[in-house]
Amino acid sequence: GWCPLSPTGAQTTQLLVQPPWRPAVLWDQVTLTCQGSGTAGATTWYKDGQRWGEDGHDNFTVTESGTYTCDRPGSGLSPPVIILNDWLVLQVPTRTLLEGDTVTLRCRD
């Protein structure tokens, strides 16, 4: 049978990454958007486990590499998103990929 990953009706907090490539890299001018059923405009941001100075904003453009999470009252803490500052990166689209899919890879240097 089908098994839900979270309790019925639960709305979790997610971090939307634009542009939609993984891994996310600093020089892509990545925008992070905190999404969830919790209170809009009451987002708390964390970078590398420490509270980050973008509190209250639901999105911002990343200017430093690191591991980011956001917290929305009512829907909790998002999964982490890592922003790299590597010079050579092979990126894939963020969508779910299945065997047999045609996929565009992006090599950036």
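Residues numbered from 1 in each chain as written. Predicted model: local features only at pLDDT ≥ 70, side-chain atom pairs only at ≥ 80, totals over all residues. Heavy atoms only, no water.

**Student:** Can you help me understand the pattern of salt bridges in this one?
**Tutor:** A side chain with one charge may pair with a side chain of the opposite charge, provided their charged atoms come close. Scanning all chains against the criterion turns up 4 salt bridges. Between Glu64 and Lys47 there is a salt bridge whose closest N-O contact spans 3.5 Å. You can see Glu64 sitting in the loop between β7 (59–61) and β8 (66–72) and its partner Lys47 sitting in strand β5 (residues 44–47), a full 17 residues away along the chain. Accessibility expressed as a relative area gives 38% for Glu64, which makes it partly exposed. Among the salt bridges present, the one from Asp55 reaches Arg51, with a minimum N-O distance of 2.6 Å. Given a relative accessible area of 30%, Asp55 falls into the partly exposed group. Connected through salt bridges with shared partners, the residues Lys47, Asp48 and Glu64 form a single ionic network. (Salt bridge = Lys/Arg side-chain N within 4 Å of Asp/Glu carboxyl O. Helix = DSSP H or I, 4+ residues; strand = E, 2+ residues; numbered from the N terminus. Buried < 20%, exposed > 50% of the residue type's maximum accessible area, 1.4 Å probe, protein only.)

**Student:** When you look at the state of the cysteines in this model, what are you seeing that I'm missing?
**Tutor:** The bond known as a disulfide is covalent and runs between the sulfur atoms of two cysteines. In total, this model carries 1 disulfide according to the counting rule given. Disulfide partner of Cys34: Cys70, at an S-S distance of 2.0 Å. Between Cys34 and Cys70 the sulfur-sulfur dihedral comes to about 85°; the bridge is accordingly right-handed. One end of the pair, Cys34, is in strand β4 (residues 31–35); the other, Cys70, is in strand β8, and 36 residues separate them in sequence. Judged by its relative accessible area of 0%, Cys70 is buried. (Disulfide = S-S within 2.5 Å.)

**Student:** Explain the sheet that holds β7 here, please?
**Tutor:** Two strands in a sheet stick together by hydrogen bonds in their backbones, pointing the same way (parallel) or opposite ways (antiparallel). If you trace the 3 strands from one edge of the open sheet to the other, you get β1-β4-β7, paired in antiparallel fashion. In this open sheet, the two edge strands, each paired with only one partner strand, are β1 (14–18) and β7. Pairwise comparison of adjacent strand axes, ignoring direction, gives a mean angle of 20° for this sheet. (Pairing = 2+ DSSP bridges. Axes fitted to C-alpha atoms, helices over the stretch in contact; angles between N-to-C directions.)

**Student:** I'm lost on unusual backbone geometry in this one. Help?
**Tutor:** The linkage connecting Gln18 with the following residue, Pro19, adopts the cis geometry, with an omega of 0°. Inspection of the secondary structure assignment puts Pro19 in the loop between β1 and β2 (21–22). Across the junction of Arg22 and Pro23, the peptide omega takes the value -5°, indicating a cis bond. Within the element layout of this structure, Pro23 appears in the loop between β2 and β3 (24–25). One non-glycine residue with positive phi stands out, namely Gln29, at about 50°. With respect to the helices and strands, Gln29 occurs in the loop between β3 and β4. For Gln29, a relative accessible area of 62% corresponds to the exposed category.

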